[in-house]
Amino acid sequence: MTNTSTLINRFSRIFITALLFFPLTLFCQEVPSADKKDGWAIQVGAGYLYSGNVGVLAERQILLKNSFRVSPFASTGFAEGGESPQLKKYYWYGNSAGVNMEYGNKHRVVFGPALVLQNLIGNAVDAKKTLLTSYSLILGYKGTADFGLIWQVYIGNIYSQDDDPFSSNLDYSHRSQVGLGLGYKF
């Protein structure tokens, strides 16, 4: 009988000790924060990177080295165009795709090219251009919080056609651009 009670005593001590140290081992394991791992992200912003005055961007951040990642992205958005000679409003619906290279962890330098396509939507009957093709190159800053919040600001150059749909000018020219966005990394 004493052997059984001694065995139960030892087992209960081991069990209680394990229960006491289990939370320590469970909570001591580090989970990498959002700025140190790759994954999907979504942003809302303004600028050619976001395809217009207001747009949504989805990107896949691929971590290549400790502080270097490549982020292919696609976005869609709207931009206000203006009024036609008949005083009817028109808008541009845009799509953008490209790849950004990012250097840093929480605070990153962002550089990358993109292709931007914009379609004319609205009641502009006498439009001579309904599709604009543009090429963009940006340099910017992106910050990422530990819990996944993303904020981004950039400047860049866009090589595009004249965005007046009532002009027959199809020549490309360089223009500067600025954009900013806010999002979440999963």
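Caption draft 1: Local environment of the overall build of the protein. Looking only at helices and strands, one finds one helix and eight strands in the protein. Ordered by position in the sequence, the α and β elements of the protein form the string α-β-β-β-β-β-β-β-β. Expressed as a percentage of its 186 residues, the buried residues of the protein come to 35%. Across the protein, the fraction of contacts at a sequence separation of at least 24, relative to all contacts at a separation of at least 6, is 57%. Only carbon and sulfur atoms are counted for the fraction: they give 67% of the accessible area of the protein, which is about 11,200 Å².

Caption draft 2: Representation of the pairing of strand β1 (residues 39-47) in the model. In terms of strand pairing, β1 meets strand β2 (residues 52-63) through eight bridges, oriented antiparallel. Considered in β2, the bridge of G45 is made with G55. Once β1 ends, the chain turns through four residues before running back antiparallel as β2, passing S51 with a positive phi of about 70°. The pairing of β1 with strand β8 (residues 172-185) spans six bridges and is classified as antiparallel. The residue bridging G45 from the neighbouring strand is G181, located in β8.

Caption draft 3: Focus on the packing of aromatic side chains. Enumeration according to the criterion identifies five aromatic pairs in this entry. Centroid distance F78 to Y93: 5.1 Å. Interplanar angle 50°. Geometry classified as tilted. A residue pair is termed long-range when its members are at least 10 positions apart, and F78 in strand β3 (residues 68-83) and Y93 in strand β4 (residues 89-103) qualify at 15 residues. On the basis of relative accessibility, which here comes to 27%, the residue Y93 falls in the partly exposed class. Connected via pairs of aromatic rings, a cluster forms that spans Y135, Y159 and Y172.

Caption draft 4: Representation of the sheet that holds β4 within the structure. Spatially, the eight strands close up into a barrel ordered β1-β2-β3-β4-β5-β6-β7-β8, and their pairing is antiparallel. For this sheet, the mean inter-axis angle between neighbouring strands, taken without regard to orientation, is 25°. Of the pairings in the sheet, the one linking strand β5 (residues 107-122) to strand β6 (residues 131-144) comprises 13 bridges and is antiparallel in character. The residue of β6 that forms the bridge with V109 is Y141.

Caption draft 5: Broad picture of the environment of W40. Locating W40 in the fold gives a position in strand β1. With a relative accessible area of 52%, W40 lands in the exposed category.

Caption draft 6: Expanded view of the pairing of β6. Inspection of the sheet shows β6 paired to strand β7 (residues 149-161) by 11 bridges, in the antiparallel sense. Bridge pairing in β7 places Y141 opposite V153. Hairpin connection of β6 to β7: four residues between the antiparallel strands, including G148 at a positive phi of 115°.

Caption draft 7: Region of interest: the environment of N66. Positionally, N66 belongs in the loop between β2 and β3. Residue classification places N66 among the exposed residues on the basis of a relative accessible area of 62%. Expressed as a C-alpha distance, the spacing of N66 and Y103, which sit 37 residues apart in the sequence, is 9.2 Å.

What counts as what
- Residues numbered from 1 in each chain as written.
- Predicted model: local features only at pLDDT ≥ 70, side-chain atom pairs only at ≥ 80, totals over all residues.
- Heavy atoms only, no water.
- Helix = DSSP H or I, 4+ residues; strand = E, 2+ residues; numbered from the N terminus.
- Buried < 20%, exposed > 50% of the residue type's maximum accessible area, 1.4 Å probe, protein only.
- Contact = heavy atoms within 4.5 Å.
- Areas by Shrake-Rupley, 256 points an atom, 1.4 Å probe, with all protein chains shown as cover.
- Pairing = 2+ DSSP bridges.
- Phe/Tyr/Trp six-rings, centres within 6.5 Å; stacked < 30°, edge-to-face > 60°.
- Axes fitted to C-alpha atoms, helices over the stretch in contact; angles between N-to-C directions.

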